Amino acid sequence: MELDIPEELDIFEVLDDDAIELEFIFFGIPKQIYQRSDFFSSLDDIAFKRRFRLSKESVLFVLTYIETDLEYSNDLNQSVSPINQLLTFLRFCATAKHYMSVGDFMGCHLSTICRIIHRVARAISLKCKKFISMPKNDTELKEAANDFFKIAKFPRIIGTIDCTHIRIQSLGIDNCLYLFIITQMFIGDSGYPVLKYLMTPLLNPNSQSEQLYNESHIRTRNTVERCFGVIKRRFPILAYGIRMKKIDTIMAIITSTFILHNIAIQFNVEIPDIDGNDPLPLLINNGDLNINAINNQQQQDDVGGINQRANIINHYFSRL
């Protein structure tokens, strides 16, 4: 095929880069074949966990739940296998890098990376009820209460409530997303109102029993505050920020990271170390929020909750 080059254009004066551009104009962009590495087989366990934040065993466990959702009906155009789709999503959550960087690492075009992240996040988030749940029966309620009691001897608590800040791209209405994690009687910080089912600390403890109540309350509540920091260390995308505009995908990614974190705990996957120059610790600290920063008008304390708190202090902490 001959190129229809204008007469006034001297082909011998065209630079190399211009010649390449002319090729693209007349023949189109050539098809690019990506070389994909088999990270699951080639990396040892330590290197694998550093790059994907889960162990190989836990990755195979996750795959059993979502593989059918990720399979393509055919293998045309070198379709990405379910396990490589999962590894792509894990790499994205572990680095919070742009699609192109993840694509260069995984051997995929950035448009493919975009589709994979949406697919995998949705597939994992749909398993939420399987891996994130409250105690379902009396036995589990007692176990939860006993576990919290062992921390600082706070009675009858089966969960703590707190919130954290997860950076997201502006959606045009607000530039932040507040994630509330409610983990029956609960405890929360002083930004929340005291209710029959939610105990908050005393702002001005006077007696020894009130001081004991506050100390036990703080030590017990710290579990959920530490939890946010641990999850953000495992999946830094929650600290660095999610650069997407579809709120459904953002929520699916957040939910997926919490599911994957619970699975990592189940398989005893340790939290990766942070490099000394990494700004991640600062970003994690900046994500700690006081609930008052969200609600300008603080809700009124419930009389029943005030009486419930006084009853716990007078009939339990006064005897310690």
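These figures come from a predicted structure and were not determined experimentally. (Residues numbered from 1 in each chain as written. Predicted model: local features only at pLDDT ≥ 70, side-chain atom pairs only at ≥ 80, totals over all residues. Heavy atoms only, no water.)

What to know about the overall build of the protein
Check the secondary structure of the protein and you find 14 helices and four strands. For the protein, the proportion of its 320 residues judged to be buried stands at 41%. Carbon and sulfur atoms make up 50% of the accessible area of the protein, which totals about 19000 Å². (Helix = DSSP H or I, 4+ residues; strand = E, 2+ residues; numbered from the N terminus. Buried < 20%, exposed > 50% of the residue type's maximum accessible area, 1.4 Å probe, protein only. Areas by Shrake-Rupley, 256 points an atom, 1.4 Å probe, with all protein chains shown as cover.)

Points about helix α12 (residues 247-266)
In an α-helix, one turn spans 3.6 residues, which is why side chains three or four residues apart end up on the same side. Over its 20 residues, α12 runs 29 Å from end to end, which matches the ideal 28 Å to within 8%, given 1.5 Å per residue. At the C-terminal side of α12, asparagine 268 shows a positive phi close to 55°. (Expected span 1.5 Å × (residues − 1).)

Considering the environment of glutamine 35
Along the chain, glutamine 35 turns up in the loop between α1 (16-27) and α2 (39-42). Expressed as a C-alpha distance, the spacing of glutamine 35 and glycine 107, which sit 72 residues apart in the sequence, is 5.5 Å.

Structural notes on the pairing of strand β1 (residues 159-167)
The buried count for β1 comes to seven of nine residues, which makes it a mostly enclosed element. For β1 and strand β3 (residues 186-187), the ladder comprises two bridges, and the chain directions are parallel. Following the sheet pairing, glycine 159 is matched in β3 by phenylalanine 186. (Pairing = 2+ DSSP bridges.)

What to know about the packing of helix α5 (residues 82-95) against helix α7 (residues 110-125)
Viewed as axis vectors pointing N to C, α5 and α7 meet at an angle of 95°, and their least axial separation amounts to 9 Å. As summarised for this structure, α5 and α7 are arranged roughly perpendicular, according to the angle between their axes. On α7, the residues touching Gln85, Leu86, Thr88, Phe89 and Phe92 of α5 are Ile113, Ile116, Ile117, Arg119, Val120, Ala121 and Ile124. Looking at the contact of α5 with α7, its residues break down into nine nonpolar, two polar and one charged. (Axes fitted to C-alpha atoms, helices over the stretch in contact; angles between N-to-C directions. Parallel < 35°, antiparallel > 145°, perpendicular 65-115°, else oblique. Contact = heavy atoms within 4.5 Å. Nonpolar A, V, L, I, M, F, W, Y, C, P; charged D, E, K, R; others polar.)

Focus on unusual backbone geometry
The backbone phi angle of arginine 53 is positive, close to 70°, even though this residue is not glycine. Relative to the elements of secondary structure, arginine 53 occurs in the loop between α3 (45-52) and α4 (56-70). Positive phi is not limited to glycine here, since alanine 96 has a value of about 60°. With respect to the secondary-structure elements, alanine 96 resides in the loop between α5 and α6 (99-106).

Quick notes on the packing of aromatic side chains
Across all of its chains, the model carries 14 aromatic pairs by this definition. Ring centres of tyrosine 316 and phenylalanine 317 lie 4.9 Å apart, and the angle between their planes is 85°; this geometry places the pair in the edge-to-face category. Residue class for phenylalanine 317 comes out buried when judged on its relative accessible area of 1%. Through successive ring pairs, a cluster of aromatic residues spans Phe39, Phe40, Phe48, Phe52 and Phe105. We note lysine 56 situated over the ring of phenylalanine 40; from NZ or CZ to the ring centre the distance is 5.5 Å. Over the aromatic face of tyrosine 72 sits the side chain of arginine 119, whose NZ or CZ is 4.5 Å from the ring centroid. (Phe/Tyr/Trp six-rings, centres within 6.5 Å; stacked < 30°, edge-to-face > 60°. Lys NZ or Arg CZ within 6 Å of the ring centre and 35° of its normal.)

Concerning the nonpolar core
Here is a general trend for soluble globular proteins: nonpolar side chains tend to be buried in one another's company. Ranked by internal contacts, the top residues of the largest apolar core, which has 52 residues, are Leu86, Phe89, Leu90, Ile242 and Ile253. Broken down by element, the residue count for this core peaks at nine residues, all from α12. Ile157, Met185, Ile187 and Met199 belong to the second-largest nonpolar core, a separate cluster that totals 12 residues. (Core = buried A, V, L, I, M, F, W, Y, C linked by side-chain atoms within 4.5 Å.)

Structural notes on the side chain of arginine 91
Within the element layout of this structure, arginine 91 appears in helix α5. The charged side chain of arginine 91 is buried without a salt bridge, its nearest counter-charge being aspartate 104 at 11 Å. (Lys, Arg positive; Asp, Glu negative; His and termini not counted. Salt bridge = Lys/Arg side-chain N within 4 Å of Asp/Glu carboxyl O.)

Here we look at the confidence of the model for the protein
A residue-level look at the protein finds 76% of positions with pLDDT of 70 or above and a mean pLDDT of 81. Averaged pLDDT values over the elements of the protein bottom out at 47 in strand β2 (residues 176-182) and peak at 96 in α4. Per-residue pLDDT stays below 50 along residues 178-183; that stretch engages in 27 contacts with residues further than four places along the chain or on separate chains. In this model residues 289-297 is a low-confidence stretch, pLDDT under 50, and it forms 16 contacts with partners more than four residues away in sequence or in other chains. (pLDDT = per-residue confidence, 0-100.)

Description of α5
Over its 14 residues, α5 extends 20 Å from the first C-alpha to the last, a length consistent with the 20 Å expected when each residue adds 1.5 Å. In terms of burial, α5 is a largely internal element, 13 of the 14 residues being buried. A positive backbone phi angle near 60° is found at alanine 96, which sits one or two residues after α5.

Overview of the packing of α7 against α12
Direction vectors running N to C along α7 and α12 enclose 55°, while the axes themselves pass 8 Å from each other. Between α7 and α12, the angle is such that the two are oblique. Of the two possible hands of crossing, α7 and α12 adopt the one that is left-handed. For the pair α7 and α12, contact is made by Ile117, His118, Ala121, Arg122, Ile124 and Ser125 and by Thr249, Ala252, Ile253, Thr255, Ser256, Ile259 and Leu260, respectively. (Left-handed = near helix turned anticlockwise from the far one by under 90°.)

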